[in-house]
Amino acid sequence: MSNYMLIMRTVDEAAANQAMADAGIDFDKMIETMGRFNEELLAAGALVAAEGLDDAANGVVVDYSVTPPVVTDGPYGDTKELFNGYWIIDVATKEEAVAWALKVPAGVGVKTEIRRIPSIDEFPSDNEYIAREKEWRKELIRRQAEKLGA
Amino acid sequence: MSKFMLIMRATDEAVAAYAETDFAEVIAAMGAYNESMLKAGVMVGGDGLAPEAGLVVSFDQTPPVVSDGPYGETKELFNGFWILEVPTIEEAAEWAKRAPLTPGNRLEIRRVTGPEDFPADNEWVKKEEEWRANGYSPEA
């Protein structure tokens, strides 16, 4: 099994908004179709994590081309391809990840990129920081569980 | 408190330069950075993405079409992310500035949406909250 990330971007916001309007899709309908998709992922035992992001216009960008790094208003340079949200799923093959991506309830102007997430076991296990990362990943899970239980 | 996502992207040149950097050095710099955020209690999660090419699904047609990645003409690849929980975007930017990244790299900082962004009485919003509370377990 591998973890794959489905990265959602709206490449043409105007076209995407028009397509939603044409199809009569309002905010409630959007929440419902996303909810159904997420429920399907959950029932299949494939869902690891997912988040949506606030408007890119409210974001900032840190550029490391100069020292010290410079903070500017987002999004990235001249790219119009905004990153809007993601899912991390645990499936056996890339093909299976693609099969899930094809079911994302999205329309015109939207693309999803599928990338594998390397496991910590793919890094040198005798490296001090890799050993530490294994520990802090457990610590993060413990903290999340604590928060959810609180 | 809000959650912010630090989205890492790099130009092809930056990726090439990174590949020539001593791997143990990269791991140590990233490790120390991650540890500082963990100790400050702001780290929620993070992952890096494999360098091999991904795939792209376009929803411009029905049914959607799968092609080789990355997205269209963009050369700014998405390489990994952190999610931090801090009170303001300014504080998230302060953390971002400390990331051990090289020229050609950028981090975009975006607020992660939470329950406050959605209608609380919506059936699917309620379900989502339950799923999260159960760590996305299919049995729950």
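Predicted model, so just to flag it, every value in this text is computed and none were measured. (Residues numbered from 1 in each chain as written. Chains lettered and ligands numbered in written order. Predicted model: local features only at pLDDT ≥ 70, side-chain atom pairs only at ≥ 80, totals over all residues. Heavy atoms only, no water.)

### Concerning the nonpolar core
Under the convention used in this document: Buried Ala, Val, Leu, Ile, Met, Phe, Trp, Tyr and Cys residues that are joined via side-chain atoms within 4.5 Å together make up what is termed a nonpolar core. Note on classification: 1.4 Å probe, protein chains only; a residue is buried when its accessible area is under 20% of the maximum for its type, exposed when over 50%, partly exposed between these limits. Helical segments are the DSSP runs of H or I of at least four residues, strand segments are the runs of E of at least two, and each set is numbered from the N terminus. For this analysis, residues touch if any pair of their heavy atoms sits within 4.5 Å.
Core analysis: the biggest nonpolar cluster contains 27 residues, and L41, L47, W87, I89 and I114 of chain A have the highest contact counts within it. Broken down by secondary-structure element, the contributors of at least two residues to this core are β1 (2-10), α2 (27-43), β2 (47-52), β5 (82-91), α3 (94-101) and β6 (110-117) of chain A together with β3 (55-58) and α4 (123-133) of chain B. Beyond its immediate stretch of four places on either side in the chain, I114 of chain A contacts Y4, M5, L6, A97, V98 and A101 of chain A together with G54, L55 and V57 of chain B. Of all hydrophobic cores here, the second largest spans 26 residues; its members include L140 of chain A together with F4, M37 and A96 of chain B.

### What to know about the pattern of salt bridges
Pairing between side chains of opposite charge can happen when the charged atoms of each approach one another. The line we're drawing: Counted as salt bridges are all cases of a side-chain nitrogen of Lys or Arg within 4 Å of a carboxyl oxygen of Asp or Glu.
Under the defined criterion, the tally for this structure stands at 15 salt bridges over all chains. Among the ionic pairs, E39 of chain A bridges to K127 of chain B, the shortest N-O distance being 2.8 Å. You can see E39 of chain A sitting in helix α2 and its partner K127 of chain B sitting in helix α4, one on each of two chains. Classification of K127 of chain B by relative accessible area gives partly exposed; the value is 24%. Note that E139 of chain A is salt-bridged to R143 of chain A, the shortest N-O span being 2.9 Å. Taken as a pair, E139 of chain A and R143 of chain A lie in helix α4 (residues 128-149) at a separation of four residues, close to a single helical turn. Since its relative accessible area comes to 22%, E139 of chain A is described here as partly exposed. Assessed through its relative accessible area of 24%, R143 of chain A is described here as partly exposed. A network of salt bridges, in which partner residues are shared, links E139, R142, R143 and E146 of chain A.

### Regarding the side chain of S58 of chain B
Here is the rule we go by: Pairs of N or O atoms are called polar contacts if they sit within 3.5 Å, as long as, within protein, a hydrogen donor faces a hydrogen acceptor (for residues adjacent in sequence, only side-chain-to-side-chain pairs).
Secondary-structure assignment places S58 of chain B in strand β3. Given a relative accessible area of 10%, S58 of chain B falls into the buried group. A polar atom in the side chain of S58 of chain B sits 3.3 Å from the backbone nitrogen of D60 of chain B. In this structure S58 of chain B touches V110 and K111 of chain A together with P64 and V65 of chain B, once residues within four positions along its chain are discounted.

### Some remarks on the packing of aromatic side chains
Using the following cut-off: Aromatic rings from Phe, Tyr and Trp, with only the six-membered ring used for Trp, were paired whenever their centres fell within 6.5 Å, and each pair was classed as stacked if the ring planes differed by under 30 degrees, edge-to-face if by over 60, and tilted otherwise.
Evaluation of the coordinates by the stated rule reveals four aromatic pairs over all chains. Plain terms: the ring middles of F37 of chain A and W100 of chain A are 6.4 Å apart, the flat faces sit at 65° to each other, and that makes the pair edge-to-face. Of this pair, F37 of chain A sits in helix α2 while W100 of chain A sits in helix α3, and the two are 63 residues apart along the sequence. The same class applies to F37 of chain A and to W100 of chain A, which are both buried. With 5.2 Å between their ring centres and 40° between their planes, Y86 of chain A and F81 of chain B make a pair best called tilted. Highlighted residues: Y86 of chain A in strand β5 and F81 of chain B in strand β5 (residues 77-86), drawn from two different chains.

### Description of the pairing of β1 of chain A
All names here are of chain A. Put simply, the rule reads: Here, a strand pair is defined by DSSP locating no fewer than two bridges between the strands.
Across the nine residues of β1, eight count as buried, placing the element largely inside the fold. Where β1 lies against β6, eight bridges are found, and the strand directions are antiparallel. If you follow L6 over to β6, its bridge partner there is I114.

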